[in-house]
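Below are the chains, spelled out letter by letter.
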Amino acid sequence: MIERTPVLNIATHVILAFGLVLILVPIWLAFVAATHDLQAVNSAPVEFWPGDQLIPNLTEAWAQSDFGQKFVNSFIVAIGVVVGKITLACITAFALVFFQFRGRVVIFWAIFITLMLPLEVRIVPTYAVAANALSPFQTIMDWTGISWLLNTLSGVEVSLEWNLLNSYTGLILPLVATATGTFLYRQFFLTIPDELVEAARMDGAGPLRFLWDILIPLSKTNIAALATIMFVYAWNQYLWPLLVVTDRANYGMVVVQLSDLVPDQLTTGGGTPTWHLAMAATLVVMLPPILIVILMQRWFVRGLINTDK
Amino acid sequence: MRRAHFKFSWIVPLLLAPQLLVIFTFFYWPSAQALYWAFTLEQPWGGGNTWVGFENFRKVLSDPYYWGSVRVSVIYALATTVLAMGMALTLALFVDRQLAGYRVWRVGIIWPYAVAAPAVGLAFQFVFNPGAGIFSFINTLAPGWWDLSKYPWQAVTAIVIAGAWKQVAYSFIFFLAALQSIPRSLTEAAAMDGARPLRRMLDLQLPLLTPTFFFLLVINITDSFTDSFGIVDTLTGGGPFRATDLMVYKIYSDGFRGFDYSGAAAQSIILMCLVMALTFIQFRYIERRVHYT
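It should be emphasised that the depicted structure is a prediction, and the values quoted were computed from it without experimental measurement.

## Thoughts on the overall build of chain A
Alright, step 1. Along its length, chain A carries 19 helices and one strand.
Alright, step 2. For a compact globule of 309 residues, the expected C-alpha radius of gyration is about 19 Å, and chain A comes in at 25 Å, more than 25% above that figure.
Alright, step 3. In terms of overall dimensions, chain A has a C-alpha envelope of 75 × 70 × 30 Å along the principal axes.
Alright, step 4. The proportion of buried residues among the 309 residues of chain A is 51%.
Alright, step 5. Of the contacts made within chain A by residues no fewer than 6 positions apart, 70% connect residues no fewer than 24 positions apart.

Next comes the structure, spelled out in structure tokens:
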């Protein structure tokens, strides 16, 4: 369809440019701040053009926040969440879609409901569980009298304990405990034609073989989409790691480190705020997920729209 | 649900067990625990929790600080949603015209999705800083007029702008996808009837976007309740004078700084009900009523 709309075309570009400027301004200012030294950043008319201090600022911010280990941690957690979520989502959706058994609908809804309440909303009790991940089972055993039974029979005091604070498991598992990916996979599995399943069964493929040799290769785009979304989600986690990790030196994640960089009275002790370092660190922390979103744009957009959160 | 293909076998429990275990431990148990705490009170010198009925809720609901928190959360939710969706919709309508540079515009608007909330908060704290950022200019003209840490309305404005900035990309992605799924034949028919691009935006594209619009409305409001923690924590720290003490932030500070688990749990339950009600409205009414295809 060809239309000649020169005026509207110019207006379109102007509006888009204006919108893009609004989006870019804060990050541009942060970037500019990261390229100046302490005096220039704190001088009254704000700088709009970059200076020459970017590399020194980055190096100093990196050393000051001890980012080396924290980047490794962030990557471990992000990749752990990605792998855990994709694996769980895939096998759960597979069982729900391709098998006939009683309670299928109940289990489907039990998983579905987890979409409703994000981690932030139930943060306090989830933290209590992370302090001892086996406490639910301990309580159940105490209530049902199993602990008492075991105690009288064998003389063993049942006390289950598995502390997840300050561990990768504690950072990863609660982030895996939602159904986001399960639904992406379920929707995908529902589009698999019946004939494909029939053909596989006629060729003698069992369910696991069907999953491994046919479904997983077919779901490569799904995996890419989910991986992108989950990586960004896990990398950007803030509240949960802030609580679970007290041993920042060994298990801290980069995004949490930002909370220490807020240049207020506490961190500067009344001195001049070190905005140039704070902004340099912010840039470093933002970069990996931004790169992933830009590079994986196609899959990411498709995945986001299909999961509906 | 569709016809299943394989008979039940020992594989099924094995496949389902990991997810169910994780969900039970980290979702259902904590949610139940929150309920338990909300209706009990921990004794000061040990001795477990005693049942107090709705006492915790009564205490929370009669606390003026809590209502202050609810008020600012609602303001924040509505303001960020309106700002972000308005901007996302405008940009999506124009990006969808697919003129030269279409891909550049699209990437330029999408990438903020990847920026962590506390990073947004920190960047905006610099931008809004009275001594260093863009507003230092205002302060040279009218000294002391702009200071986030002194004036509540300025702090609220700051978190609203930061929150909206963060939400634009998400809404944009959905609006653009919805626009692109409008059948070409419709657009062409409208064009043949003489509708120019702007007319088509108003009379064809906007009405067809209604389902997406309501979906995003609910998602944005829910997100603003839950996703605001990082922004508030790095941008204002809940202050000044609790002016930006959003609900999630208050739960966190009451629970982990004030060690008032029962009060925090009661607040969590209220917030859970709110989020569930919104989600329910979305599934039950919006998805069913607003449907054109």
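Having seen it, we continue.
## Some words on the side chain of B:N220
Alright, step 1. Within the fold, B:N220 resides in helix α10 (residues 210–226).
Alright, step 2. On the accessibility criterion, B:N220 (1% relative accessible area) is buried.

## Some points on the interface of chain B and chain A
Alright, step 1. Facing the 102 residues of chain B at the interface are 115 residues of chain A.
Alright, step 2. Taken together, both faces of the contact between chain B and chain A bury some 10000 Å²; the carbon and sulfur share is 78%.
Alright, step 3. Summed over the shared surface of chain B and chain A, the number is zero salt bridges.
Alright, step 4. One can count eleven residue pairs in polar contact (both at pLDDT 80 or more) joining chain B with chain A.
Alright, step 5. With 21 residues, the single largest contributor to the side of chain B that touches chain A is helix α1 (residues 11–38) of chain B.

## Considering the side chain of B:D96
All names here are of chain B.
Alright, step 1. For D96, the location among the structural elements is in the loop between α3 (64–95) and α4 (102–110).
Alright, step 2. A distance of 3.3 Å separates a polar atom in the side chain of D96 from a polar atom in the side chain of Q205.
Alright, step 3. Those residues in contact with D96 that sit more than four places away from it in its chain are L176, L179, Q180 and Q205.

## Considerations on the nonpolar core
Alright, step 1. Core analysis: the biggest nonpolar cluster contains 195 residues, and A:F94, A:F98, A:I123, A:F189, A:M279, A:F300 and B:F172 have the highest contact counts within it.
Alright, step 2. Excluding residues within four positions of it along the chain, A:F94 makes contact with A:F99, A:F189, A:P207, A:F210, A:L211, A:L215 and B:L15.

## With respect to the packing of aromatic side chains
The relative placement of two aromatic rings is captured by the distance of their centres and the angle of their planes.
Residues and elements named next belong to chain A.
Alright, step 1. Taken as a whole and judged by the stated rule, the model has 42 aromatic pairs over all chains.
Alright, step 2. Centre to centre, the rings of W28 and F31 are 5.6 Å apart; their planes meet at 40°, and the pair counts as tilted. Of this pair, W28 and F31 both sit in helix α1 (residues 6–33), separated by three residues, roughly a single helical turn.
Alright, step 3. Judged by relative accessible area, F31 falls into the partly exposed class, the value being 27%.
Alright, step 4. Aromatic rings pair up to connect F94, F98, F99, Y185, F188, F189 and F210 into one cluster.

## Focus: the environment of B:R257
Residue and element names in this part refer to chain B.
Alright, step 1. Tracing the chain through its elements places R257 in helix α12 (residues 247–257).
Alright, step 2. Each C-alpha atom, one on R257 and one on V74, is 24 Å from the other, the two residues being 183 residues apart in sequence.
Alright, step 3. Apart from the residues within four sequence positions on either side, R257 is in contact with D233, Y249 and Y252.

## Here we look at the pattern of salt bridges
Alright, step 1. Under the criterion given, the structure shown has four salt bridges over all chains.
Alright, step 2. A salt bridge links A:R209 to A:D213; the shortest N-O distance between them is 3.2 Å. Here A:R209 and its partner A:D213 are both found in helix α12 (residues 207–218), four residues apart, which amounts to about one turn of the helix.
Alright, step 3. For B:R199, the salt bridge identified is with B:D203, shortest N-O distance 2.9 Å. Within this pair, B:R199 and its partner B:D203 are both found in helix α9 (residues 197–208), separated by four residues, close to a single helical turn.
Alright, step 4. Using a relative accessible area of 45% as the deciding quantity, one classes B:R199 as partly exposed.

What counts, and at which threshold
- Residues numbered from 1 in each chain as written.
- Chains lettered and ligands numbered in written order.
- Predicted model: local features only at pLDDT ≥ 70, side-chain atom pairs only at ≥ 80, totals over all residues.
- Heavy atoms only, no water.
- Helix = DSSP H or I, 4+ residues; strand = E, 2+ residues; numbered from the N terminus.
- Rg over C-alpha atoms; globule rule 2.2 N^0.38 Å.
- Buried < 20%, exposed > 50% of the residue type's maximum accessible area, 1.4 Å probe, protein only.
- Contact = heavy atoms within 4.5 Å.
- Buried area = accessible area lost by both parts, 1.4 Å probe.
- Salt bridge = Lys/Arg side-chain N within 4 Å of Asp/Glu carboxyl O.
- Polar contact = N/O pair within 3.5 Å; in protein donor to acceptor, adjacent residues only side chain to side chain.
- Core = buried A, V, L, I, M, F, W, Y, C linked by side-chain atoms within 4.5 Å.
- Phe/Tyr/Trp six-rings, centres within 6.5 Å; stacked < 30°, edge-to-face > 60°.

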